[in-house]
Amino acid sequence: MKKLTTADVFIPEQIEEALSHLSTKKDTCEIDGLHLSELRDYWDINGERYLSMLRAGKYKPGIVQIYEIINYTGKRRSISSFNSVDRLILRCLATSLEKYYNSIFSACSFAFRPGLGVDKAVAAFVSNLNKGLDKVVVIDIKHYFDSIPIDRLEMILKRIIDDKILLSLFHKFLYCRISEENIIKTKNKGILQGSPISPFLGNLYLSLLDTQLESMQIQFCRYCDDITMFFSSFDEAKEAYTKVSNILKNDLEMDIHTQKSGIYEGIKQNYLGYNFTKNKKAHQILAIKKKKAPQQIYQHWSTTTIQRIDGNYHIINNGILNRKDFTLLFENDRGKKYLPVDATESLNVYSSVIFSSDFFKYISSKKICVNIFDKYGELAGIFAPPESLNGGLTMLKQAAIYLDDEKRKLIAKKFEIASLHNMRSNLKYYERHHSSENLKNGIYSFSEYITALNEATNVTTLLTIEARARQLYYSLFHEIICDPAFEFTKRTRRPPKDPLNALISFGNVFLYNRVATEIQKTSLDIRIGFVHATNRRNQSLNLDIADLFKPLIVDRAIFTIINRHMIHTSEHFEKTEDGGIYLNKEGKQIFINELENKVYQKQTEENQPRTYDTRIREEIHKIFRFVCYDEKYKPFKYN
């Protein structure tokens, strides 16, 4: 077996793979101040200098930031944050280790290995049960990654790697400097969760156990630190449980979680998300994937009237937001709600909330955005942490496109054509269900508008055509909406003058904010759009992108809640002194619920389920690639 060397790791193909892989990740600003989206340009300039240091054994990894989070069950977990260059180097190491040493692992080790994984592990589990090995020993190692003795792990690495420079690099990453609660220290036990090389190293350390299990001729499945062994009798299982527990404790310095370990009937186990049942006719045991609980989207609001959808929290009731240890705490007279910061991307506040003195400092360090709305659903203000602000080079490139009339016209034309296409797709969808002559005529008119957009010679003309098309589009709502109480006469804003306009305004602001939150994770400048003019408004790009998705998210949500009689003009709206009509608290809950349902509604594309949440992020990434790398931009069109 050829052993890995430094020269094998840092080859151009490997580096390119690492850069491509990291470009698909969330465009965060790492602790070295470098956005992942800027890493390729940075490496093009500085890569040779880093490679020289790596080949000479002089490279020193940066400090790793450690964050501790508390999940819903109260369990604490550490999260590691590396700088961008270290992430690139670690990715190169991880792919090299996998390529060179995958074959040294047992066939019964299934985690983090190409061609294996959960499906193969479950198949092996079922195969053992069908052989009559129905007594199962389950062993759960307590705090596995945090308990691995680094000195012993290094000894194992030295058996498979001879290159002293490469071993020195592993040593530096294993005994890295970590910053936790602003205290910098050297790590001397355990490996970091979140490091690209940790899955391989975790498998490598437990390969010592695999070897002993095979020598004892024990049938087993190991999925990282999840160890399952199979026996035909309880006595055999009990004997093996004792032996393996001693091996783990005495030879590998691992503690067993006794409450999660034991001897069980195999068919009654839940294994990697699968349950097992016996087919009486075939006399075979089958694996059945556990059904995931449906995503909770406001069907049951908590007593504090706060709910999480993915990483976005919506707060409807009054209360206090405060930092509590390593989480956020929202509390009012109805109860308390803890928000895990690592799982939080944005807080959307629709009520009167008091923020504690250190609240914004803390969420700034966690890169969480706060969007504050007034009681009518209008965006009042945004708090975005400094790290989410745009990069200078990206801003200059965006501005250059905006100031170039020809370039701006071309990109604006693509946006407007796709926007009208999606409005027309909506009309086609509902025409198939309502068979309306007015909808048919509207669809024809939209095709003419799209032709006119293609022929437009400037942005002003594009905007004029889009405005006429949108006016026609809204005028056709009465062909789709079945409730005469939601009549549309004309578009009114600030304030909306009827319930339907109130829904349109609230839904549009919801989507503008949703897109803005995603843009703020990149180095794009939200102030510089291409269709909407960049003037005194502090947001523009999110309006361009939201126009692509409004027909499919906002408008369809409106049609759903009205036609299914989920919302009523007499119960869910309130009138203000200036004649404005707005959603009340209950109306907001219903509408936000349906908007989030639409955002996470799955559509199938190339046999893969996709949601609008994913598509919005993809759209922003496409625009970033267009701005920074001059890649061809093709906006999202609904088919």
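Residues numbered from 1 in each chain as written. Predicted model: local features only at pLDDT ≥ 70, side-chain atom pairs only at ≥ 80, totals over all residues. Heavy atoms only, no water.

**A closer look at the nonpolar core**
Most often, soluble globular proteins have nonpolar side chains that are buried together. In terms of nonpolar packing, the biggest core is built from 91 residues, with Leu93, Met229 and Leu248 touching the most fellow members. A per-element tally of this core places helix α4 (residues 84–101) first, with nine residues. Taken domain by domain, the makeup of this core includes at least three residues from each of domain 1 (1–103 + 150–188) and domain 2 (106–149 + 216–290). Core analysis: the second largest hydrophobic core is formed by 78 residues, Ile481, Ile504, Ile553 and Ala557 among them. (Core = buried A, V, L, I, M, F, W, Y, C linked by side-chain atoms within 4.5 Å. Buried < 20%, exposed > 50% of the residue type's maximum accessible area, 1.4 Å probe, protein only. Helix = DSSP H or I, 4+ residues; strand = E, 2+ residues; numbered from the N terminus. Domains from an automatic or database assignment.)

**Here's the deal with helix α3 (residues 39–56)**
Considering bend angle alone, the principal kink of α3 is centred on Asn46 and spans about 65 degrees. All buried positions along α3 are accounted for by Leu39, Trp43, Asn46, Gly47, Tyr50, Leu51 and Leu54. Where α3 is buried, its residues meet α1 (6–9), α2 (12–23), α4 and α8 (164–174). Phi turns positive one or two residues past the end of α3, at Gly57, with a value near 75 degrees. (Bend = angle between axes of the 7 residues up to and from the residue. Contact = heavy atoms within 4.5 Å.)

**Focus on a positive patch on the surface**
Together, Lys414, Lys632, Lys634 and Lys637 line one region of the surface with positive charge. Positionally, Lys637 belongs in the segment after α20 (612–629). (Patch = residues over 30% accessible without salt bridge, like charges linked within 9 Å, V, L, I, M, F, W, Y side chains within 5 Å. Areas by Shrake-Rupley, 256 points an atom, 1.4 Å probe, with all protein chains shown as cover. Salt bridge = Lys/Arg side-chain N within 4 Å of Asp/Glu carboxyl O. Lys, Arg positive; Asp, Glu negative; His and termini not counted. Charge placed at Lys NZ, Arg CZ, Asp CG, Glu CD.)

**Some words on the side chain of Ser147**
Of note, Ser147 is situated in helix α6 (residues 144–147). Ser147 gets classed as buried once you look at its relative accessible area, which sits at 15%. Only 2.6 Å separates the side chain of Ser147 from the backbone oxygen of His143, close enough to count as a polar contact. Residues contacting Ser147, with those up to four places away along its chain left out, are Lys142, Lys189, Gly190, Glu253 and Met254. (Polar contact = N/O pair within 3.5 Å; in protein donor to acceptor, adjacent residues only side chain to side chain.)

**Digging into the environment of Glu479**
Here Glu479 is to be found in helix α16 (residues 477–480). Along the sequence, Glu479 and His434 sit 45 residues apart, while their C-alpha atoms lie 7.8 Å from each other. Setting aside residues up to four positions removed in sequence, Glu479 forms contacts with His434, Ser436, Asn438 and Leu439. Here Ser436 takes part through its side chain, which lies 2.8 Å from a polar atom of the side chain of Glu479.

**Some points on the UniProt feature "binding site: Mn(2+)" (unreviewed entry) in the protein chain**
Following the UniProt record, one finds the feature "binding site: Mn(2+)" (unreviewed entry) at Glu466, His532 and Asp547. These annotated residues cover 82 residues of sequence, and their C-alpha atoms lie no more than 11.6 Å from one another, placing them together at a single site. Note on placement: His532 falls in the loop between α17 (499–519) and α18 (541–563). Mapped onto the secondary structure, Asp547 falls in helix α18. (UniProt positions renumbered as here; feature names shortened; annotations may be inferred.)

**Details of the packing of helix α13 (residues 405–434) against helix α14 (residues 437–455)**
Two elements in contact, α13 and α14, have axes whose closest approach is 9 Å; the angle formed by their N-to-C orientations is 170 degrees. Accordingly, the angle class assigned to the pair α13 and α14 is roughly antiparallel. You can see that α13 and α14 cross each other, and the crossing is left-handed. Contact with α13, carried on its side by Lys413, Glu416, Ile417, Leu420, His421, Met423, Arg424, Leu427, Lys428, Tyr430, Glu431 and His434, involves Leu439, Lys440, Gly442, Ile443, Phe446, Ser447, Tyr449, Ile450, Leu453 and Asn454 of α14 and no other residues of that element. By residue class, the composition of the contact of α13 with α14 is 11 nonpolar, five polar and six charged. (Axes fitted to C-alpha atoms, helices over the stretch in contact; angles between N-to-C directions. Parallel < 35°, antiparallel > 145°, perpendicular 65-115°, else oblique. Left-handed = near helix turned anticlockwise from the far one by under 90°. Nonpolar A, V, L, I, M, F, W, Y, C, P; charged D, E, K, R; others polar.)

**A closer look at the sheet that holds strand β7 (residues 226–231)**
Reading across the sheet, the four strands line up as β6-β7-β3-β8 and stay open at both edges, with antiparallel pairing between neighbours. In this open sheet, the two edge strands, each paired with only one partner strand, are β6 (219–223) and β8 (262–265). Ignoring strand direction, the axes of neighbouring strands in this sheet form an average angle of 25 degrees. Judged from the five bridges that link them, β6 and β7 form a sheet pairing that is antiparallel. Within the sheet, the bridge partner assigned to Phe220 lies in β7 and is Met229. Lying on the sheet, helix α9 (residues 198–215) is in contact with β6 and β7; it crosses β6 at an angle near 175 degrees. In the packing of helix α10 (residues 234–251) onto the sheet, the strands contacted are β3 (135–140), β7 and β8, and the crossing angle to β3 comes to about 20 degrees. (Pairing = 2+ DSSP bridges.)

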